[in-house]
Amino acid sequence: MACSLSSGEDPRPSDQERSAEAAHLLTTVYMRSTADHLVGTVMLVTSTTSAPVTARSWAALGILTLAVLLLAIDGTVLALAVPALSADLNPTATQLLWIGDIYSFALAGLLVTMGNLADRIGRKRLLLIGSLGFGLSSLLAAFATSPEMLIAARAILGISGATIMPSTLALVRNIFTDPAQRTRAIAVWAAGATAGAAVGPIVGGALLEHFHWGSVFLINVPIMVLVLIGGVFLLPESRDPRGARVDLLSALSSFVAIVAIVYAIKHVFAEGFDWSVAVAVLVGGAAGWWFLRRQHRLTRPLIDVSLFRSPAFSGAVMANTVSIFAFVGLLFFFSQYLQLVRGLNPLQAGLSELSATVASIIVIGLAGFMVGKLGRGRAISVGLGLGAIGLGVLALAEGLDGLAGIIIGFAIVGFGAGLAMTLTTDAVVGAAPRDRAGAASSIAETAYELGAALGIAVLGSVQLAFYRAHLPAISNPDIEQSMRESLATGLTQLDRTAPDVAAVIEQAKHAFTVGMQWTSVIAAVLLIVAAAIAWRAIPSRAETPVEH
């Protein structure tokens, strides 16, 4: 590919960077959430009949880990590619958000359906289909020539990712039926997934220093080839022996409800309240109500809503969703801040964010210990509280010189959010029988994706609103239009050497920082509320961790 980013250029992120950073944490945090989920089963272990674990089982685990590693790397490197991508394709502010958000929408809207579809047609088969689709759509994204083409490719990536996520988790649960072995397997899987999240920014930053932005998508292809070849020969097939049909009306209504509500939230912050917002809320609310009623009537629903009668289960879902909402919703535009305001290049920005991933890896070894000492509910509450403290540190550090405060804040947030999501996801996924593993997995993953999509839509839009509110009065209408569109638009479209433009840009950077600080505080408050609910709703009886 031709090099379109030389080392002398000053790449500037846009609102798409904010949305694409969603894809970063949308996959990165997903890895911590679902990948760590059964690390949370370093809890109470009961005896059960289990199949023998062989070398082939561990090799199959390697393939499954590679699949989720691919998703982690893909989301992470995309966040850093947005500056160059924006300069090349010149998308509008709305297109910038859709490039990131369409991935979230497809995942959130289809995970429940794909989890049930995996139970019916076979988890291996659906995983391989999704992996092939992910590889092909990566090629389409790499060579996109317009924002519309990239949005379409991102949508296919989201659909493909929705087939991969529940299939991998369900296969691990079926391959490793012994609880102790499963804990070890998931620890390996989680480490691989979080390592992918850690390597992603570094690899992406190195690629973007020398190659076209499309190179960050092309790295998916060789990984996907390995997953396909290894999956064919190593993965066992598993499915629900009852083979119930997927209810298409339920799938459609759940998708419509999620997309309509998120669209309404995004639109009201970006464009203000108008008739389309009212219509979207009515359509989304009606679709959601009808979906829930239909689940009560079906003998084999997409989501077993009866599980939500348990306060512990409902509290775990709520805590999981809110923690992801706050975490992803704030951090998805942090690469933009580091490059736009702090002037870091993509590689430096990726390295600055590494502390959160390192901290989340530490969680793998400490999750069982925390549960053994505190109990599940209190451990989750402590994780959420630490996440809130970390966000407070970030809010302060964003207004200070240097990166030490940001790195420390990231580490605290990474540890706290990683601990909370590890344990809450375990509580959600562990509530269903093995033959419904795909559908059970989809509940936790849908909570993640819905939290991520809403976090992007709400907190991302709130940050943009604060940014615009703190912009100074600008007499030149052309400069004002560019700066109000986004800070990145102003930096890429205006002549920054002009005296009047340079002064406005410095004021706009300050406005952007203020917006981030307020959004950090809002996210921290949400985590505090979630921590209080988790403390009260989720049981904290002592549980014995498993040695591994």
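Residues numbered from 1 in each chain as written. Predicted model: local features only at pLDDT ≥ 70, side-chain atom pairs only at ≥ 80, totals over all residues. Heavy atoms only, no water.

Q: Residues and numbers for the overall build of the protein, please.
A: Each helix and strand in the protein was counted, giving 20 helices and zero strands. Across the protein, the fraction of contacts at a sequence separation of at least 24, relative to all contacts at a separation of at least 6, is 87%. Working note: accessible area of the protein is about 19300 Å², and carbon and sulfur atoms make up 67% of it. (Helix = DSSP H or I, 4+ residues; strand = E, 2+ residues; numbered from the N terminus. Contact = heavy atoms within 4.5 Å. Areas by Shrake-Rupley, 256 points an atom, 1.4 Å probe, with all protein chains shown as cover.)

Q: I'd like a rundown of the pattern of salt bridges, residues and numbers included.
A: This structure, assessed with the given rule, holds two salt bridges. The salt bridge involving arginine 294 is made with aspartate 247; its shortest N-O contact spans 2.7 Å. Of this pair, arginine 294 sits in helix H10 (residues 275-297) while aspartate 247 is found in the loop between helix H8 (220-234) and helix H9 (248-270), placing the two residues 47 residues apart along the sequence. Look at arginine 294 and you get buried, because its relative accessible area is 16%. (Salt bridge = Lys/Arg side-chain N within 4 Å of Asp/Glu carboxyl O. Buried < 20%, exposed > 50% of the residue type's maximum accessible area, 1.4 Å probe, protein only.)

Q: If you had to explain the packing of helix H15 (residues 376-397) against helix H20 (residues 499-537) to someone new, which residues and values would you point to?
A: For the pair H15 and H20, interaxial distance at closest approach is 8 Å and the crossing angle is 170°. In this view, H15 runs roughly antiparallel relative to H20, as classed from their interaxial angle. With respect to the hand of their crossing, H15 and H20 are arranged in left-handed fashion. Across the interface between the two elements, Gly377, Arg378, Ile380, Ser381, Leu384, Gly385, Gly387, Ala388, Leu391, Ala395 and Leu396 of H15 pack against Gln517, Ser520, Val521, Ala523, Ala524, Leu527, Ile528, Ala530, Ala531, Ala534 and Trp535 of H20. Of the residues in the contact of H15 with H20, the class split is 15 nonpolar, six polar and one charged. (Axes fitted to C-alpha atoms, helices over the stretch in contact; angles between N-to-C directions. Parallel < 35°, antiparallel > 145°, perpendicular 65-115°, else oblique. Left-handed = near helix turned anticlockwise from the far one by under 90°. Nonpolar A, V, L, I, M, F, W, Y, C, P; charged D, E, K, R; others polar.)

Q: So, the environment of valine 521: which residues are in play, and what are the values?
A: Mapped onto the elements of the fold, valine 521 is located in helix H20. When the C-alpha positions of valine 521 and leucine 391 are compared, they lie 6.9 Å apart, and in sequence the two are 130 residues distant.

Q: Requested: an account of unusual backbone geometry, with residues and values cited.
A: What is expected of a backbone is that most residues other than glycine have negative phi and most peptide bonds are trans. Here asparagine 90, not a glycine, exhibits a phi torsion of approximately 50°, which is positive. Here asparagine 90 is to be found in the loop between helix H2 (55-89) and helix H3 (93-121).

Q: Go over the packing of helix H4 (residues 123-142) against helix H5 (residues 147-175), please, and point to the residues and values.
A: The N-to-C vectors of H4 and H5 enclose an angle of 155°; their axes lie 8 Å apart at closest approach. Considered as vectors, H4 and H5 are oriented roughly antiparallel to each other. The handedness of the crossing between H4 and H5 is left-handed. For the contact of H4 with H5, a count of residues per class yields 13 nonpolar, eleven polar and two charged.

Q: If you had to explain the confidence of the model for the protein to someone new, which residues and values would you point to?
A: Taken as a whole, the protein shows an average pLDDT of 75; of its residues, 73% reach a score of 70 or greater. For the protein, per-element mean pLDDT is lowest for helix H1 (residues 15-37), which scores 39, and highest for H10, which scores 92. Across residues 1-49, where pLDDT falls below 50, the model places 213 contacts with residues more than four positions away in sequence or in other chains. Under a pLDDT of 50 for its full length, residues 542-548 has, in the predicted model, 24 contacts with residues more than four places off or in other chains. (pLDDT = per-residue confidence, 0-100.)

Q: I'd like to hear about the environment of phenylalanine 176, residue by residue, with values.
A: Topologically, phenylalanine 176 is positioned in the loop between H5 and helix H6 (179-210). Taking C-alpha positions, phenylalanine 176 is 9.3 Å from leucine 61, a pair spaced 115 residues apart along the chain.

Q: Describe the packing of aromatic side chains, naming the residues involved and giving the relevant values.
A: Aromatic rings considered in pairs are described by the distance between their centres and by the relative angle of their planes. Overall, the coordinates contain four aromatic pairs when judged by the stated rule. Taking 4.8 Å as the distance between ring centres and 55° as the angle between the ring planes, the aromatic pair formed by tryptophan 58 and phenylalanine 176 counts as tilted. Remark: phenylalanine 176 occurs in the loop between H5 and H6 and tryptophan 58 occurs in helix H2; sequence separation between them is 118 residues. By relative accessible area, phenylalanine 176 is classed as buried at 0%. Between tyrosine 467 and phenylalanine 512, the aromatic rings sit 6.1 Å apart at their centres with planes inclined by 70°, giving edge-to-face as the arrangement. (Phe/Tyr/Trp six-rings, centres within 6.5 Å; stacked < 30°, edge-to-face > 60°.)

Q: Which residues make up a nonpolar patch on the surface, and what are the values?
A: Together, Trp518, Val521, Val525, Val529 and Ile533 line one region of the surface with nonpolar side chains, adding up to about 430 Å² of accessible area. For isoleucine 533, a relative accessible area of 36% puts it in the partly exposed group. (Patch = residues over 30% accessible without salt bridge, like charges linked within 9 Å, V, L, I, M, F, W, Y side chains within 5 Å.)

Q: Report on the environment of leucine 218, specifying residues and quantitative values.
A: Positionally, leucine 218 belongs in helix H7 (residues 215-218). Residue classification places leucine 218 among the partly exposed positions, given a relative accessible area of 23%.

Q: Requested: an account of the side chain of serine 253, with residues and values cited.
A: Checked against the element boundaries, serine 253 lands in helix H9. For serine 253, the residues in contact, after removing those within four places along its chain, are Ala287, Trp290 and Phe291.

Q: Tell me about the nonpolar core, residues and numbers included.
A: Membership of the largest hydrophobic core comes to 66 residues, with the highest contact counts inside it found for Leu384, Tyr467 and Leu487. Here this core takes 13 residues from H20, the largest share from any one element. In terms of nonpolar packing, the next biggest core, distinct from the first, is built from 47 residues, Ala118, Leu127, Phe134 and Ala162 among them. (Core = buried A, V, L, I, M, F, W, Y, C linked by side-chain atoms within 4.5 Å.)

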